[in-house]
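One-letter residues, chain by chain:
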Amino acid sequence: MPERAEGSDPATFLEGWFKSVFPNAAFSPAYTVERAHRVPARPLPPGAPPRPLLARMLNWRDRDLILAQARITQNIKLGSANVSLYPDFSADLQKRRATFVSIKRRLRDLNLKYSMAYPARLRVVDGDRSLFFSNPAEAEDWLLRRPRSSPPK
């Protein structure tokens, strides 16, 4: 989200913005953005990408609804800027998920579809089957044993 788009009250801005971006979403009666702020607190030097804007929803169902709507909508804009929405994970969980970076790069090179399942499991689609890996070593081992004749999908 572009810097300063949220004005002086990011929580109120996001409450209205989510409703305008997802007008058909069935928000709960308790729909509220409890708090919102930029990370890090101080603005970055000119030319740097915008800082993430974190929002805490009062109701987890509204959070999940917003993330689901974002996946469906895909191309979310604020003015001319593209906006991406992601769940915020703890530092420990981010580190666990980051261990899969190299194997995900290899899967991309092989045109194999993959995704990350919560909390830190790699899901790989190979033909008509889905495989789940709890650590990168398991995925590496499977990739080494995978028959080369399998058509990538």
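Since this is a predicted model, take the numbers as computed values, not measurements.

*Asks:* Account for the sheet that holds strand 6 (residues 121–126), naming residues and giving values.
*Replies:* Overall, antiparallel pairing links the three strands, which are arranged 5-6-7 in an open sheet. Each edge of the open sheet carries a strand with a single partner, namely strand 5 (113–117) and strand 7 (129–133). Within this sheet the neighbouring strands show an average axis-to-axis angle of 25 degrees, counted without direction. By the bridge criterion, five bridges tie strand 5 to strand 6 in an arrangement that is antiparallel. Along strand 6, the bridge assignment pairs Lys 113 with Val 125.

*Asks:* For the pattern of salt bridges, give the residues involved together with the corresponding values.
*Replies:* Scanning the entire structure with this criterion turns up eight salt bridges. For Arg 63, the salt bridge goes to Asp 64, with nearest N and O atoms at 2.9 Å. A relative accessible area of 40% means that Arg 63 is categorised as partly exposed. Residue class for Asp 64 comes out partly exposed when judged on its relative accessible area of 30%. Several salt bridges share partner residues, and in doing so they unite Asp 126, Arg 129 and Arg 146 into one network.

*Asks:* Could you give an account of the environment of Phe 27, with specific residues and numbers?
*Replies:* By the secondary structure assignment, Phe 27 is in the loop between helix 1 (10–21) and strand 1 (33–38). Residue Phe 27 is classed as buried on the basis of its relative accessible area of 17%. The spacing of Phe 27 and Ser 130 is 103 residues in sequence and 32 Å in space, taken between C-alpha atoms. For Phe 27, the contacting residues outside a window of four places in its chain are Phe 18, Lys 19, Phe 22, Asp 62, Leu 65 and Ile 66.

*Asks:* Give a description of the environment of Arg 71 that names residues and reports values.
*Replies:* Its location among the elements puts Arg 71 in helix 2 (residues 60–73). Linking Arg 71 and Tyr 86, residues 15 residues apart in sequence, is a C-alpha distance of 9.6 Å.

*Asks:* Outline the side chain of Lys 104, listing residues and values.
*Replies:* Within the secondary structure layout, Lys 104 lies in helix 4 (residues 101–109). For the buried residue Lys 104, which engages in no salt bridge, the nearest side chain bearing the opposite charge is Glu 140, 13 Å off.

*Asks:* If you had to explain the packing of helix 4 against helix 5 (residues 136–145) to someone new, which residues and values would you point to?
*Replies:* Packing of helix 4 against helix 5 brings their axes to within 9 Å, and their N-to-C directions diverge by 30 degrees. Classified by the angle their axes make, helix 4 and helix 5 are roughly parallel. Here helix 4 and helix 5 pass one another in a crossing that is left-handed. Every residue of helix 5 that contacts helix 4 at Ile 103, Arg 106 and Leu 107 is listed here: Ala 139, Glu 140, Trp 142 and Leu 143. Residue classes in the contact of helix 4 with helix 5 are distributed as five nonpolar, no polar and two charged.

Rules used in this analysis
Residues numbered from 1 in each chain as written. Predicted model: local features only at pLDDT ≥ 70, side-chain atom pairs only at ≥ 80, totals over all residues. Heavy atoms only, no water. Pairing = 2+ DSSP bridges. Helix = DSSP H or I, 4+ residues; strand = E, 2+ residues; numbered from the N terminus. Axes fitted to C-alpha atoms, helices over the stretch in contact; angles between N-to-C directions. Salt bridge = Lys/Arg side-chain N within 4 Å of Asp/Glu carboxyl O. Buried < 20%, exposed > 50% of the residue type's maximum accessible area, 1.4 Å probe, protein only. Contact = heavy atoms within 4.5 Å. Lys, Arg positive; Asp, Glu negative; His and termini not counted. Parallel < 35°, antiparallel > 145°, perpendicular 65-115°, else oblique. Left-handed = near helix turned anticlockwise from the far one by under 90°. Nonpolar A, V, L, I, M, F, W, Y, C, P; charged D, E, K, R; others polar.

Keep in mind these values describe shape, not function.
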